[in-house]
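Letter by letter, the chains look like this.
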Amino acid sequence: MNREVVIDKIKSIEAWDVIVIGGGATGLGIAVESANRGYATLLVEQSDFAKSTSSKSTKLVHGGVRYLAQGNLSLVREASVERGLLTKNAPHLVKNKTFIIPVYNWWSRLKYTLGLKLYDWIAGRLSLGSSVFISRKKVLEKLPGIISKNLFGGVLYHDGQFDDARLAINLAQTIFDNGGYAINYMQVVDLIKENKKVCGIKILDKKTNENYILQSKAMINATGVFADDILQMDSSETKKYIAASQGIHLVLDKKFFSGDNALMIPETSDGRVLFIVPWHGKLLLGTTDTPVKNISLEPVAFENEIDFILRTAKDYLTVMPTRKDVLSVFAGLRPLAAPEEEEKKTKEISRSHKILVSSSGLFSMLGGKWTTYRKMGEDMIDKVEKELHWKHISSSTALLHIHGYTNQFNENDVFSFYGSDEIFIKKIMNENNEWLSEKLPINKAQIIWAVKEEMAQTVEDVLSRRTRCLLLDAKESIRIAPIVAAIMMNEMNEDETWMNDEIKKFNAIAKNYLIDIDS
Ligand SMILES: Cc1cc2nc3c(=O)[nH]c(=O)nc-3n(C[C@H](O)[C@H](O)[C@H](O)COP(=O)(O)OP(=O)(O)OC[C@H]3O[C@@H](n4cnc5c(N)ncnc54)[C@H](O)[C@@H]3O)c2cc1C
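Residues numbered from 1 in each chain as written. Predicted model: local features only at pLDDT ≥ 70, side-chain atom pairs only at ≥ 80, totals over all residues.

## Here's the deal with the environment of Ala243
For step 1, the next point in the chain: Tracing the backbone shows Ala243 in strand 11 (residues 242–253).
For step 2, the next point in the chain: For the pair Ala243 and Leu336, spaced 93 residues apart in the sequence, the C-alpha separation amounts to 5.2 Å. (Helix = DSSP H or I, 4+ residues; strand = E, 2+ residues; numbered from the N terminus.)

Shown next, in the form of structure tokens:
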């Protein structure tokens, strides 16, 4: 996974079979599927892989208990199957997590016990474990820190938990492992057409400011909340297809809720669900659902979203978190496929995906979820084959091991998420073993590895997506940013101007992850 190698390919390959625009979950899934079927595949990402929504999720690989409540059984079935497959194909990143719904009366006990039995049944043999009602005593044991007043018991169920940005990096590596290519900081600035049909793209290398024109038989728009921008490049008369909805998360110290089980609050005051989930040694609280018009790579949490999560958490936690306890706050934008009825609330819009084929032949993927990224890839390449009258090649990604796959890892090792790559990082550590922080598990060897093997280009790539430091502790990440920048400068043969500029850019982004204590 090396930028220079990909640029050489960009210069030498005359026509690609498939070009995928967008390096989030959707684009990565499509490019893995395409490369795995043997097509000459290139993915281009304007920023870093998973820079946008795909690094800001709740980190659940789930069937979707909420979709069950909405009666969307086909989505739950599809997502449950994908959850089961991902647990098998990326065991180093996807864990079976126990969730507990606290219940306060007989009626809730019945409702959630039956509902979750249905959830288990829908997953069939890919279920991660049976749900069960547990006593009040057991809930208090399993969720130390939960308020015991009026607690009747709880319903325990299983879902998957993962590291979204790490899976994105591993998927980018899987594209290479299957003979395809992917490159970050390469923006599509125009579509090239011949006889009104899309046949290529003009791209801008954000690192060098060079432009390239590329030809491709199939052009796929997988740009999430930015999908309308590409559709506008195709035709200025096109309607808007995306309804964006912001969701935020707060990160707290584990002391508020020790143990390894997650809490699921099934009905918040705004009629949604809220999770409190242990993640990388901290607690993740979220999320919200706020319709937004402004589409940005750097969405910022609204004050009312932060207040809402803290207020809801206070009803369940014995030690009440306040603004000053928040280690990090991050916001992401859901790329929901806009419904026909304008009035529909974003929380009610289906999370299913839709494929759009424009009259120009441009393929666009709208909507979807991280959990179903593989199925979205399969559906898209099936559609491309059908529309372009290519011979159908059956998908085999359901059984494809994702880069890093191994069952030989120690879950308690801080580097276990690297999977089979862990030994290489340990090798680098033989000569470069320097821990950069007492609060965050980050080692100099990881930065060298990220630059050499994972296409990291900026301090933010390293601190936000190759490691998850920025999401885990924003203040501490700002403190170590100059150390990270200096290591990167050496590895990348850059100079001090580059280093100082990187620190400045990182700080500008990281300040959005800090909470204003006085608000
Ligand atoms: C708060 C929140 C919580 C969520 N939690 C979960 C969860 O727990 N489980 C789950 O399954 N799903 C979850 N989701 C949904 C899931 O995260 C998204 O569906 C998924 O990440 C969307 O991926 P994407 O690739 O479509 O979009 P994105 O991640 O936004 O990727 C699109 C990419 O396209 C790139 N791009 C745009 N324009 C161009 C251009 N001109 N040239 C090149 N590249 C371009 C962008 O830079 C971006 O990286 C959550 C979503 C949110 C917002």
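## Things to note about the pairing of strand 11
The two faces of a sheet get side chains in turn, since along a regular strand they alternate between them.
For step 1, the next point in the chain: Most of strand 11 sits out of view: 11 of its 12 residues are buried.
For step 2, the next point in the chain: As defined by bridge partners, strand 11 adjoins strand 15 (residues 290–291) across two bridges and the pair is classed as antiparallel. Residue pairing for strand 15: Gln246 is matched across the bridge by Thr290.
For step 3, the next point in the chain: Looking at chain direction, strand 11 and strand 14 (residues 282–286) are connected through five bridges and run antiparallel. The partner of Leu250 across the bridge, within strand 14, is Leu285. (Buried ≥ 20, exposed ≤ 12 C-beta atoms within 10 Å, placed from the backbone. Pairing = 2+ DSSP bridges.)

## Regarding the site of the ligand
For step 1, the next point in the chain: Taken together, 40 residues lie around the ligand, and Gly22, Gly24, Ser52, Gly224 and Gly247 are the ones closest in.
For step 2, the next point in the chain: Elements with a minimum of two residues in the shell around the ligand: helix 2 (25–36), strand 8 (186–194) and strand 16 (328–337).
For step 3, the next point in the chain: Looking at the shell around the ligand element by element, the count peaks at four residues for strand 16.
For step 4, the next point in the chain: Mapping the shell around the ligand onto the domain boundaries places at least three of its residues in each of domain 1 (3–53 + 165–241 + 345–399) and domain 2 (94–161 + 243–337). (Near = placed C-beta within 6 Å. Domains from an automatic or database assignment.)

## Comments concerning the environment of Ser477
For step 1, the next point in the chain: Tracing the sequence through the fold places Ser477 in helix 15 (residues 474–491).
For step 2, the next point in the chain: Put simply, Ser477 and Asp325 are 152 residues apart on the chain and 16 Å apart in space, counted from C-alpha to C-alpha.
For step 3, the next point in the chain: Ignoring any residue separated from it by four or fewer positions in sequence, one finds Ser477 in contact with Leu463, Cys469, Leu470 and Ala510. (Contact = placed C-beta atoms within 7 Å.)

## Some remarks on the domain arrangement of the protein chain
For step 1, the next point in the chain: The domains assigned to the protein chain are domain 1 (3–53 + 165–241 + 345–399), domain 2 (94–161 + 243–337) and domain 3 (416–513).
For step 2, the next point in the chain: Counting residues at the interface gives 15 residues for domain 1, matched by 15 residues for domain 2.
For step 3, the next point in the chain: Across the side of domain 1 that touches domain 2, the residue classes break down as six nonpolar, six polar and three charged. (Nonpolar A, V, L, I, M, F, W, Y, C, P; charged D, E, K, R; others polar.)

## Structural notes on the packing of helix 11 (residues 422–431) against helix 12 (residues 444–453)
For step 1, the next point in the chain: Contact geometry of helix 11 with helix 12 gives a least axis separation of 9 Å together with a crossing angle of 120°. Classed by the angle they form, the pair helix 11 and helix 12 counts as oblique. Relative to helix 12, helix 11 is oriented so that their crossing is right-handed. Between helix 11, through Phe424, Ile425, Ile428 and Met429, and helix 12, the contact on the second element is made entirely by Ala445, Gln446, Ile448 and Trp449. (Axes fitted to C-alpha atoms, helices over the stretch in contact; angles between N-to-C directions. Parallel < 35°, antiparallel > 145°, perpendicular 65-115°, else oblique. Left-handed = near helix turned anticlockwise from the far one by under 90°.)

## Considerations on unusual backbone geometry
For step 1, the next point in the chain: Following Gly286, the chain continues into Thr287 via a peptide bond in cis, with omega recorded as 20°.
For step 2, the next point in the chain: Within the element layout of this structure, Thr287 appears in the loop between strand 14 and strand 15.
For step 3, the next point in the chain: If you check the backbone angles, Lys196 has positive phi at about 70° while not being a glycine.
For step 4, the next point in the chain: Along the polypeptide, Lys196 turns up in the loop between strand 8 and strand 9 (197–205).
For step 5, the next point in the chain: We note that Asn493 has phi near 55°; this positive angle belongs to a residue other than glycine.
For step 6, the next point in the chain: Tracing the sequence through the fold places Asn493 in the loop between helix 15 and helix 16 (496–510).
For step 7, the next point in the chain: Overall, Asn493 belongs to the exposed group, with 7 C-beta atoms counted inside 10 Å.

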